[in-house]
Amino acid sequence: MTAAPAYASLAHIALGHITRTYPHSGPQRLLRAADWQPPEQAHPVFCGSYDWHSCVHSHWLLVRVLNRAAALPEADAIRQRLACISDHAVATEMATFERQGAGFERPYGWAWLLQLQAELLRSNEPVAGQAAKRLQPLAELLRKRLLDYLPRLPYPIRSGQHNNTAFALLLALDYAATTGDTALDALLRQRALDWFAADTHCTAWGEPGGEDFLSPALQQAVLMQQLLEGKAFDDWLAAFLPELAKQQPATLFQPVNAGERSDGKLAHLDGLNLSRAWCWFQLSATRPSLRAAADAHLAAAIDHLQDDYMGSHWLATFALLAQEAATK
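All of the points below concern the structure found in this document. (Residues numbered from 1 in each chain as written. Predicted model: local features only at pLDDT ≥ 70, side-chain atom pairs only at ≥ 80, totals over all residues. Heavy atoms only, no water.)

## Some details on the overall build of the protein
No. 1: Each helix and strand in the protein was counted, giving 16 helices and zero strands.
No. 2: The C-alpha atoms of the protein give a radius of gyration of 19 Å, which matches the 20 Å a tight globule of 328 residues would have.
No. 3: When the backbone C-alpha atoms are referred to their principal axes, the protein occupies close to 55 × 40 × 40 Å.
No. 4: Taking all 328 residues of the protein together, the buried fraction comes to 56%.
No. 5: Once local pairs closer than 6 in sequence are excluded, the contacts in the protein between residues at least 24 apart make up 77%.
No. 6: Accessible surface, the protein: about 13,700 Å² in total, of which carbon and sulfur atoms supply 53%.
No. 7: The centroid of the 27 positive side-chain charges in the protein is displaced by 5 Å from the centroid of its 33 negative side-chain charges. (Helix = DSSP H or I, 4+ residues; strand = E, 2+ residues; numbered from the N terminus. Rg over C-alpha atoms; globule rule 2.2 N^0.38 Å. Buried < 20%, exposed > 50% of the residue type's maximum accessible area, 1.4 Å probe, protein only. Contact = heavy atoms within 4.5 Å. Areas by Shrake-Rupley, 256 points an atom, 1.4 Å probe, with all protein chains shown as cover. Lys, Arg positive; Asp, Glu negative; His and termini not counted. Charge placed at Lys NZ, Arg CZ, Asp CG, Glu CD.)

## Examining unusual backbone geometry
No. 1: Omega for the peptide link from Tyr22 to Pro23 comes to 0 degrees, which places this bond in the cis form.
No. 2: Position of Pro23 relative to the elements: it lies in the loop between α1 (7-15) and α2 (39-42).
No. 3: That bond from Glu207 to Pro208 is cis: its omega, -5 degrees, falls within 30 degrees of zero.
No. 4: One non-glycine residue with positive phi stands out, namely Tyr50, at about 75 degrees.
No. 5: Considering the arrangement of structural elements, one finds Tyr50 in the loop between α2 and α3 (52-68).

## As for the packing of aromatic side chains
No. 1: By the definition in use, this model includes 19 aromatic pairs.
No. 2: Look at Phe97 and Phe104: their rings are 4.9 Å apart centre to centre, the planes differ by 70 degrees, and that puts the pair in the edge-to-face class.
No. 3: Here the aromatic cluster, defined as three or more aromatic residues joined through ring pairs, consists of Trp60, Tyr108, Trp112, Phe167, Phe213, Trp278, Trp314 and Phe318.
No. 4: Its guanidinium or amino end placed over the ring of Tyr309, Arg20 lies 3.8 Å from that ring's centre, counting from NZ or CZ. (Phe/Tyr/Trp six-rings, centres within 6.5 Å; stacked < 30°, edge-to-face > 60°. Lys NZ or Arg CZ within 6 Å of the ring centre and 35° of its normal.)

## A look at the packing of α3 against helix α16 (residues 315-326)
No. 1: Where α3 meets α16, the axes come as close as 9 Å, and the angle between the chain directions of the two elements is 40 degrees. Judged on the interaxial angle alone, α16 and α3 are oblique. Relative to α16, α3 is oriented so that their crossing is left-handed. In contact with His57, Ser58, Trp60, Leu61, Arg64 and Arg68 of α3, α16 contributes Ala316, Thr317, Phe318, Leu320, Leu321 and Glu324.
No. 2: Its residues assigned to classes, the contact of α3 with α16 shows six nonpolar, three polar and three charged. (Axes fitted to C-alpha atoms, helices over the stretch in contact; angles between N-to-C directions. Parallel < 35°, antiparallel > 145°, perpendicular 65-115°, else oblique. Left-handed = near helix turned anticlockwise from the far one by under 90°. Nonpolar A, V, L, I, M, F, W, Y, C, P; charged D, E, K, R; others polar.)

## Regarding the pattern of salt bridges
Opposite charge on two side chains permits them to pair, given that their charged atoms come into close proximity.
No. 1: For the structure shown, the criterion picks out 22 salt bridges.
No. 2: Between Arg134 and Asp87 there is a salt bridge, with the nearest N and O atoms lying 3.8 Å from each other. Here Arg134 is found in helix α7 (residues 126-152), whereas its partner Asp87 is found in helix α5 (residues 87-100), with 47 residues between them in sequence.
No. 3: What makes Arg134 partly exposed here is its relative accessible area of 24%.
No. 4: Connected via shared salt-bridge partners are Arg64, Arg68, Glu119, Arg122, Asp174 and Glu324. (Salt bridge = Lys/Arg side-chain N within 4 Å of Asp/Glu carboxyl O.)

## A closer look at the environment of Leu31
No. 1: Among the secondary structure elements, Leu31 is positioned in the loop between α1 and α2.
No. 2: For the pair Leu31 and Gln100, spaced 69 residues apart in sequence, the C-alpha separation works out to 9.9 Å.

## Points about helix α10 (residues 216-227)
No. 1: Here α10 spans 17 Å end to end across twelve residues, near enough to the 16 Å set by a 1.5 Å rise per residue.
No. 2: Taken as a whole, α10 has its buried residues at Pro216, Ala217, Leu218, Gln219, Gln220, Ala221, Val222, Leu223, Met224, Gln225 and Leu227. (Expected span 1.5 Å × (residues − 1).)

## Here we look at the environment of Gln247
No. 1: Along the chain, Gln247 turns up in the loop between α11 (230-240) and α12 (250-253).
No. 2: As a C-alpha pair, Gln247 and Ala293 span 46 residues in sequence and 9.0 Å in three-dimensional space.

## A word on helix α8 (residues 165-179)
No. 1: With 15 residues, α8 ought to run about 21 Å at 1.5 Å a step, and its terminal C-alpha atoms sit 21 Å apart, in line with that.
No. 2: Among the 15 residues of α8, eleven are classified as buried, and the element is accordingly described as predominantly covered.
No. 3: Taken together, the buried positions of α8 are Thr165, Ala166, Phe167, Ala168, Leu169, Leu170, Leu171, Ala172, Leu173, Tyr175 and Ala176.
No. 4: On its buried face, α8 is in contact with α6 (108-122), α7, α9 (182-196), α10, α13 (268-283) and α16.
No. 5: Where α8 begins, the capping side chain belongs to Asn164, and its oxygen is found 3.1 Å from the backbone nitrogen of Ala166.
No. 6: A positive phi of about 65 degrees marks Gly180, the residue just after α8. (Polar contact = N/O pair within 3.5 Å; in protein donor to acceptor, adjacent residues only side chain to side chain.)

## Regarding the nonpolar core
No. 1: Core analysis: the biggest nonpolar cluster contains 106 residues, and Phe46, Leu82, Leu138, Trp280 and Phe318 have the highest contact counts within it.
No. 2: When neighbours within four sequence positions are excluded, Phe318 is seen to be in contact with His57, Tyr108, Trp112, Phe167, Phe213, Leu214, Leu274 and Ser275. (Core = buried A, V, L, I, M, F, W, Y, C linked by side-chain atoms within 4.5 Å.)

None of this, on its own, says anything about what the molecule does.
Written as structure tokens, this is what we have:
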């Protein structure tokens, strides 16, 4: 039996970097020298964790921990952090998004901000409710950008990195369900079916890429698992991965080897093991033979969450996703 999620240790990791501004990596679109701002000015809410999106999803991790294990010693520090989110700081974040243009943090950062908002809205904690009210204008801005972007995207992005379309749709679907946003939900479902419903005989050619942290094939499979029920999903999966029972394509079943963890891009491979584990655990809910692949991928990465800051600023989030999926 898989152990319960390590809420305390994962929260401890996230609390250690969400307010650590440097080192920092973040693109800024500059029309003149005066446009440049240090991260603490451009992003007063989410300036830590090396980059904006990692800071956002590390806040999601903390709210998730608060919602699941409110009696932990780390809970008070989480509440204090949420209480620091102000209307002025959120307005500054929005101004930065307006200045940076329509492609800034698209779609990964957008989806994670919506996922954070969904977790805040699900919380019974008063401080989480207040944070949700303050973040709502930013969530609405990014929701509108997603509504504008998805109809214009001619093809899905089948990348193993931040711009993966299926991963963003998965997170956004949860936000739409939590908020009762029928317009967003309908668009997400229609676009997913347009792009992925007819796919068959996936060979997972090119997986894994050397800088991947997502599996395009498995993200797509889990997305369709969310959209299709019962036999409809069984039929789709049988067409998409027809040799799954034979553990083929073999490349999807074998954990990857992350070597140079001080290189931020190569450290992505620890994340790939964790995100694959998350997917395999979800797929194994009705296919127990897939559980071994999930366990193997989780085991390959779980002891490396803090080997280097290039991984420790973000890996805990994907460890939590995998650990929670393992216990369902």
